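Fold and geometry: a report
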Amino acid sequence: MKLATLAMGETPLAVVLLSNGSALQIAATTRDIPGAVGAALRSGNLQALIDAGPEALAELKRIVDEAEAGGHTEAVVSADHPFLAPLHAPRKNIFCVGRNYAEHIAEGERAQKAKIGITDHPVYFTKPATAVVGHGGDVLIFPAVSEKIDYEVELAVVIGKAGRDIPKERAFEHVFGYTILNDITARDVQRRHGGQYFKGKSLDGSCPIGPWIVTADEISDPQNLSISLSVNGEVRQDGRTHDMIFDIPTLIASLSEGLTLEPGDIIATGTPSGVGYAMDPPQYLKPGDTVVCQITDIGQLKNTVRVA
């Protein structure tokens, strides 16, 4: 299933995208479902759906099958409404992984004329919830803050089951689904703050996510997906997720060591080569640019750059 959050007036509305391109309002189809599952589905909130666990997801799948067969017509709306990020108000910072594709490390070494190297363990940082923007939203440029705004397409993992010290062989049991994330980065800010990631990757509008979450059952092999990014139609990044240095089970196992992952947590898994600062000459984002991130079996995340 493709689970999205649309802006219906001033109200965020959780929907499932149907095969004909329309959207099924989850809350409008679940009035008669009792208990905690019914309450979660009626909330119209994807976080509540994830919190409610596999039983709620199974009930929703039954309803979607009915809608695909022609039922629940009163709950079907156009998907032309603006998209918010699927989890438009995440409860925690977004977990991110740096240096997880060898060719991206290599291009960084060439651009910075410095040895970076592959680390023995994953490199983590976070982006705040205030950076999150949805499909069709704006990537913001703050000229007084940064003149070197860059892009990074990433596969993002959405956690569905809480856990701490999760073993690699059970990691996928904790995955709810997958989405696309663009790790927008102010490279000059990143450099002037000692090379640490947080500040340069946390400006408002610097974390486009979406357009939807694809549930884990729909992705047969998340480590064999095509992942790409274009700017104004020019392909800049083009890779595959099997090139990750640390695969998804390794990331989940490592991150959860002594740290509880919770339903709704988002983990961005790193970016392939082709980023703007490593081009010769460097190519940073400009006002009016259109950035499209694409991942096989998920879709396209499209955003426009503008001055804040």
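To keep things clear, this report deals only with the structure shown in the data block. (Residues numbered from 1 in each chain as written. Predicted model: local features only at pLDDT ≥ 70, side-chain atom pairs only at ≥ 80, totals over all residues. Heavy atoms only, no water.)

Notes on the overall build of the protein chain
Scanning the protein chain from N- to C-terminus turns up six helices and 19 strands. The C-alpha extent of the protein chain, read off along each of the three principal axes, is 65 × 45 × 30 Å. Across the 308 residues in the protein chain, those meeting the buried criterion constitute 56%. Once local pairs closer than 6 in sequence are excluded, the contacts in the protein chain between residues at least 24 apart make up 75%. (Helix = DSSP H or I, 4+ residues; strand = E, 2+ residues; numbered from the N terminus. Buried < 20%, exposed > 50% of the residue type's maximum accessible area, 1.4 Å probe, protein only. Contact = heavy atoms within 4.5 Å.)

A closer look at the environment of Glu-147
Here Glu-147 lies in the loop between β9 (138-141) and β10 (149-150). Along the chain, Glu-147 and Lys-113 lie 34 residues apart, while their C-alpha atoms are 21 Å from each other. Those residues within four positions of Glu-147 in sequence are excluded, and the remaining contacts are Asp-188 and Tyr-284.

Some points on the sheet that holds strand β16 (residues 234-240)
Taken in spatial order, the five strands make up an open sheet running β9-β19-β18-β15-β16, and their pairing is mixed. Here the strands that pair on one side only, and so sit at the sheet edges, are β9 and β16. Adjacent strand axes in the sheet meet at a mean angle of 20° when their direction is disregarded. In the sheet, strand β15 (residues 226-231) pairs with strand β18 (residues 290-295) via five bridges, with the strands oriented antiparallel. Within β18, the residue paired with Ile-227 across the bridge is Ile-295. (Pairing = 2+ DSSP bridges. Axes fitted to C-alpha atoms, helices over the stretch in contact; angles between N-to-C directions.)

Some points on the side chain of Ser-254
Within the secondary structure layout, Ser-254 lies in helix α6 (residues 248-255). Ignoring anything within four residues of it in the chain, the contact list for Ser-254 reads Pro-122 and Tyr-124.

Overview of empty space enclosed by the protein
In this structure the tally under the stated criterion is two cavities of 30 Å³ or more. What lines the largest cavity is Gln-47, Pro-90, Arg-91, Lys-92, Asn-93, Ile-94, Pro-263, Gly-264, Asp-265 and Ile-266. Here the residues of the lining of the largest cavity sort into four nonpolar, three polar and three charged. In this structure, the second largest cavity spans a volume of roughly 30 Å³. (1 Å grid on protein atoms, 1.4 Å probe; cavity = no way out; pocket = protein on both sides within 12 Å on 5 of 7 lines; lining within 4 Å. Points joined across faces, edges and corners; volume = space filled by probe spheres on them. Nonpolar A, V, L, I, M, F, W, Y, C, P; charged D, E, K, R; others polar.)

Brief notes about helix α4 (residues 102-112)
Residues of α4 that are buried include every one of His-104, Ile-105, Glu-107, Gly-108 and Glu-109, and no others. Downstream of α4 by a residue or two, Lys-113 has a phi angle that is positive, lying close to 50°.

Quick look at the layout of surface pockets
When its volume is computed, the largest pocket comes out at roughly 290 Å³. Of all the secondary-structure elements, those providing two or more residues to the lining of the largest pocket are β6 (94-98), α4 and α5 (187-192). When residues of the lining of the largest pocket are assigned to their parent elements, the largest contribution, four residues, is made by α4. Class assignment of the residues belonging to the lining of the largest pocket gives a composition of six nonpolar, eight polar and seven charged. Each pocket or cavity is described by its volume, and for the second largest pocket that value is around 190 Å³. Contributing to the lining of the second largest pocket are 13 residues, with Met-1, Lys-2, Leu-17, Glu-68 and Glu-218 lying nearest its centre.

Topic: the packing of aromatic side chains
Aromatic ring pairs: the centre-centre distance and the angle between the two ring planes describe each pair. Taken as a whole and judged by the stated rule, the model has two aromatic pairs. Judged by centre distance (6.0 Å) and plane angle (65°), the rings of Phe-83 and Trp-212 are edge-to-face. Here Phe-83 is found in strand β5 (residues 83-84), whereas its partner Trp-212 is found in strand β14 (residues 207-215), with 129 residues between them in sequence. By the burial criterion, Phe-83 is buried, and Trp-212 matches it. The ring of Tyr-197 carries the charged tip of Lys-201 above its face, separated from the ring centre by 5.8 Å. (Phe/Tyr/Trp six-rings, centres within 6.5 Å; stacked < 30°, edge-to-face > 60°. Lys NZ or Arg CZ within 6 Å of the ring centre and 35° of its normal.)

Purely spatial values, then, with no claim about function.
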